[in-house]
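Summary of structural features
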Amino acid sequence: MTCRRQAEATGGVIYLICFERPFSHARHYMGWTQALGVRLHLHRAGRGARLMDAVTQAGIGWEVVALFYGDRNDERAMKNHGHARRCPRCP
């Protein structure tokens, strides 16, 4: 099943972004979308989320390090359980 079909079947994609260096206290951003390519394009343009705009303005690079399928409720549960602190790229 393609990523798009999987996302449609489960309600969307939850993505974890890791910053190349911390921005203030933040090292990661977790978000949810039904259109990952469009959402990442908005983030690269400094739009879509206040933190991602600030990171872009500060010239901090970033990359998507993990994808999960689910809905907004799943995203909230992952954030509440500190899932972003378990980044596969960070020690």
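Residues numbered from 1 in each chain as written. Predicted model: local features only at pLDDT ≥ 70, side-chain atom pairs only at ≥ 80, totals over all residues. Heavy atoms only, no water.

**A short note on the packing of aromatic side chains**
Here the structure, examined in full by the defined rule, presents one aromatic pair. With a centroid separation of 6.2 Å and 45 degrees between ring planes, the pair formed by Tyr15 and Tyr29 is classed as tilted. Remark: Tyr29 occurs in strand β2 (residues 26–33) and Tyr15 occurs in strand β1 (residues 13–23); sequence separation between them is 14 residues. Tyr29 matches Tyr15 in its accessibility class, with the two residues each being buried. (Phe/Tyr/Trp six-rings, centres within 6.5 Å; stacked < 30°, edge-to-face > 60°. Helix = DSSP H or I, 4+ residues; strand = E, 2+ residues; numbered from the N terminus. Buried < 20%, exposed > 50% of the residue type's maximum accessible area, 1.4 Å probe, protein only.)

**Side note on the sheet that holds β1**
Hydrogen bonds between backbone atoms are what pair the strands of a sheet, whose relative direction is either parallel or antiparallel. Taken together, three strands build an open sheet; the order of strands is β2-β1-β3 and the sheet is antiparallel. Of all the strands in the sheet, the pair left with one neighbour each is β2 and β3 (62–69). Adjacent strand axes in the sheet meet at a mean angle of 20 degrees when their direction is disregarded. Here β1 pairs with β2 via seven bridges, running antiparallel. Counted as the bridge partner of Ile17 is Tyr29 from β2. (Pairing = 2+ DSSP bridges. Axes fitted to C-alpha atoms, helices over the stretch in contact; angles between N-to-C directions.)

**Considerations on the nonpolar core**
Grouped together as the largest cluster of nonpolar side chains are 13 residues, with contacts concentrated most on Tyr15, Ile17, Phe19, Tyr29, Leu40, Met52 and Trp62. Mapped onto this core, the elements with two or more residues apiece are β1, β2, α2 (36–44) and α3 (50–57). If you tally residues by element for this core, the top one is β1, at four residues. Once residues lying within four places of it in the same chain are set aside, the contact partners of Tyr29 are Tyr15, Leu16, Ile17, Phe19, Arg39, His43, Ala49, Leu51 and Met52. Residues Ile14, Leu16, Ala66 and Met78 belong to the second largest nonpolar core, which totals nine residues. (Core = buried A, V, L, I, M, F, W, Y, C linked by side-chain atoms within 4.5 Å. Contact = heavy atoms within 4.5 Å.)

**Description of the pattern of salt bridges**
One pass over the structure, following the stated rule, counts three salt bridges. A salt bridge links Arg21 to Glu20, with the nearest nitrogen and oxygen atoms 3.7 Å apart. For Glu75, the salt bridge is made with Lys79, and the minimal N-O distance between the two is 2.9 Å. Of this pair, Glu75 and Lys79 are both found in helix α4 (residues 72–80), four residues apart, which corresponds to roughly one turn of the helix. On the basis of relative accessibility, which here comes to 12%, the residue Glu75 falls in the buried class. (Salt bridge = Lys/Arg side-chain N within 4 Å of Asp/Glu carboxyl O.)

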